[in-house]
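A structural walkthrough
Below, each chain spelled out in residue letters.
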Amino acid sequence: MQSLTPYPRVSLKSVIRTNSPSSTNRVVAPSRRVVKSAYRFDSASAVANADFKFAGDVGSTRADWQSTCAILAGKVALQQKDAVKGHKTLDIVSKPVTISDLLPAPIHGSTIRVAYQGVPGAYSEAAAGKAYPNCEAIPCDQFEVAFQAVELWIADRAVLPVENSLGGSIHRNYDLLLRHNLHIVGEVQLPVHHCLLALPGVTAEHLTRVISHPQALSQCEHTLTQLGLAAAREAVDDTAGAAEFIATKNLRDTAAVASSRAAELYGLEILADGVQDDSSNVTRFVVLAREPVVPRTDRPFKTSVVFAAPDGEGMSALFKVLSSFAFRNINLTKIESRPHRNQPIRVVEDGESGTAKHFEYLYYVDFEASMAEANAQNALAEVREFTSFLRVLGSYPMDMTPWCPSKRA
Ligand SMILES: O=C(O)C(=O)Cc1ccccc1
């Protein structure tokens with residue numbers, strides 16, 4: 001997959017590697033001033049950006065964001081120098097951690113900073129806006145960077161897509177959930193409405209290439225073919241980044257699958273509206289934070305766990321785990337298996353027939369219950385007995401917003 005986007009984003013290079021806040025490092029919350037001009041998701045800036053044309057004047061929102069990135073990059077450069085000198089203090093900070101920084105929600109009047117992968121106009125940015133309507137949405141160039149942005153207090157939350165009703169799971173994020181120690185504190189389900197975008201004046205006959213996030217391409221494959229688009233499909237990091245790439249490079253032979261908001265932001269035209277193969281196309285995002293939320297029982301909660309089976313017991317352990325939930329009438333909403341990276345293969349020697357190689361898996365399960373419920377606690381106590389590894393990724397309120405398929409993002 002190519003990374004095409006020139007938009008200034010928090011990148012791996014600009015995120016300093018340091019120990020976690022619980023280590024001996026003095027890590028304090030970043031001052032709001034450091035990131036105050038980060039792109040802000042609210043209707044006012046959406047309207048301001050509607051006039052933005054890539055080839056013309058750069059709007060103040062974008063200029064502000066670029067200067068923010070410069071500040072951030074400068075701070076990071078400073079830290080890198082300090083790291084070389086052996087200083088371990090994280091230097092993007094100007095005040096010590098207070099109790100309000102540790103609260104699961106921001107204190108009244110403060111703006112929550114939400115990291116997402118992509119550039120403005122990405123669906124992940126819309127998901128951040130749905131979860132936290134007046135947040136500062138912080139674009140990151142990779143999923144991993146969004147995790148690190150939260151770990152390093154550059155952001156308060158990260159919002160990441162994990163599955164789509166047409167395209168299936170986004171495996172990278174399942175793997176990252178395990179590699180990092182953030183907690184799932186919420187979920188967002190976003191109806192995704194895709195458009196085919198191109199430079200003004202370009203028609204379908206000019207197109208030799210359609211670029212987008214691989215999930216977006218797979219969600220539109222049938223419709224694009226029906227539109228007679230024999231153009232090659234090319235996967236890039238995010239939908240809005242694809243739109244921006246076309247605008248900056250002035251590509252008249254390339255279209256992007258992205259949101260109508262991306263068309264407005266980057267001065268593209270909508271060649272076809274609603275190109276997803278199914279109007280009930282929904283993407284589920286998880287919201288991550290450094291601290292878990294306290295599970296409750298006064299509203300519907302979901303809990304996400306990941307576990308591994310003891311050596312050689314893959315299928316029977318899975319059966320027992322599923323029974324633990326079934327016997328308690330706990331509904332599972334998701335089950336996903338991923339290769340067990342620390343132990344990918346189990347080799348079984350059989351003198352007569354040869355050597356069998358079995359793949360080992362980790363299982364990700366979501367169930368509809370709160371960890372505050374005795375039922376869920378008992379189920380997990382039992383699951384622990386059948387598994388060699390078990391981690392609760394989070395117990396969090398379910399997204400219960402009314403169903404409205406395919407609203408334009
Ligand atoms: O690329 C984006 O805009 C994303 O946020 C990832 C994505 C891609 C396709 C559907 C939903 C989310």
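Residues numbered from 1 in each chain as written. Predicted model: local features only at pLDDT ≥ 70, side-chain atom pairs only at ≥ 80, totals over all residues.

This part takes up the overall build of the protein chain. On a plain count of helices and strands, the protein chain comes out with ten helices and 17 strands. Each of the 409 residues in the protein chain was classed as buried or not, and the buried ones make up 41%. (Helix = DSSP H or I, 4+ residues; strand = E, 2+ residues; numbered from the N terminus. Buried ≥ 20, exposed ≤ 12 C-beta atoms within 10 Å, placed from the backbone.)

Moving on, we come to the UniProt feature "domain: Prephenate dehydratase" (unreviewed entry) in the protein chain. Those places that UniProt annotates as "domain: Prephenate dehydratase" (unreviewed entry) correspond, in this numbering, to residues 113–290. Between the end C-alpha atoms of residues 113–290 there is a gap of 13 Å, over a span that is 33% helix and 33% strand. (UniProt positions renumbered as here; feature names shortened; annotations may be inferred.)

The next subject is the site of the ligand. In the vicinity of the ligand there are 14 residues, among which Ala122, Ser124, His213, Asp238 and Thr239 approach most closely. For the shell around the ligand, the secondary-structure elements that each account for two or more residues are α3 (123–131), β3 (157–164), α6 (214–226) and α7 (239–249). Considering only residue class, the shell around the ligand consists of six nonpolar, seven polar and one charged. (Near = placed C-beta within 6 Å. Nonpolar A, V, L, I, M, F, W, Y, C, P; charged D, E, K, R; others polar.)

Both strand β7 (residues 209–212) and strand β8 (residues 232–235) contribute to a ladder of four bridges, which runs parallel. Across the sheet, Arg209 pairs through a bridge with Ala232, a residue of β8. Direction of pairing for β7 relative to strand β9 (residues 254–258): parallel, over a ladder of three bridges. The residue bridging Arg209 from the neighbouring strand is Thr254, located in β9. (Pairing = 2+ DSSP bridges.)

Let's shift gears to the domain arrangement of the protein chain. For the protein chain, the domain assignment lists domain 1 (32–188), domain 2 (195–282) and domain 3 (294–397). Taking only C-alpha atoms, the centre of domain 2 and the centre of domain 3 are 38 Å apart. (Domains from an automatic or database assignment.)

In this model α6 runs 19 Å from its N-terminal to its C-terminal C-alpha over 13 residues, within 8% of the 18 Å that 1.5 Å per residue would give. Of all bends in α6, the biggest is about 60°, found at Cys220. Taken as a whole, α6 has its buried residues at Gln215, Ala216, Leu217, Gln219, Cys220 and Leu224. Buried-residue contacts for α6 involve β3, β7, β8, α7 and β9. (Expected span 1.5 Å × (residues − 1). Bend = angle between axes of the 7 residues up to and from the residue. Contact = placed C-beta atoms within 7 Å.)

Spatially, β13-β16-β12-β17 is the arrangement adopted by the four strands of the open sheet, whose pairing is antiparallel. Two strands bound the open sheet, and with one partner strand each, they are β13 (332–339) and β17 (389–397). Neighbour-to-neighbour, the strand axes of this sheet turn through a mean angle of 15°, independent of strand direction. Examined bridge by bridge, strand β12 (residues 301–308) and β17 share eight bridges and lie antiparallel to one another. (Axes fitted to C-alpha atoms, helices over the stretch in contact; angles between N-to-C directions.)

For the rest of this paragraph, the subject is the confidence of the model for the protein chain. This prediction gives the protein chain a mean pLDDT of 78; 70% of its residues lie at or above 70. Here residues 16–103 scores under 50 on pLDDT; set against residues more than four positions off or in separate chains, the count is 106 contacts. Model confidence for the complex: the whole-complex pTM is 0.75, and ipTM, which rates the interface, is 0.97. (pLDDT = per-residue confidence, 0-100.)

A few words now on the nonpolar core. One broad rule of soluble globular proteins: the nonpolar side chains tend to lie buried together. One finds Val114, Ala149, Ala158, Val159, Leu197 and Ala243 to be the most contacted residues of the largest nonpolar core, which totals 93 residues. Apart from residues no more than four positions distant in its own chain, Val159 is found in contact with Val114, Tyr116, Ser124, Ala127, Ala128, Ala131, Val188, Phe285 and Val287. (Core = buried A, V, L, I, M, F, W, Y, C linked by C-beta atoms within 7 Å.)

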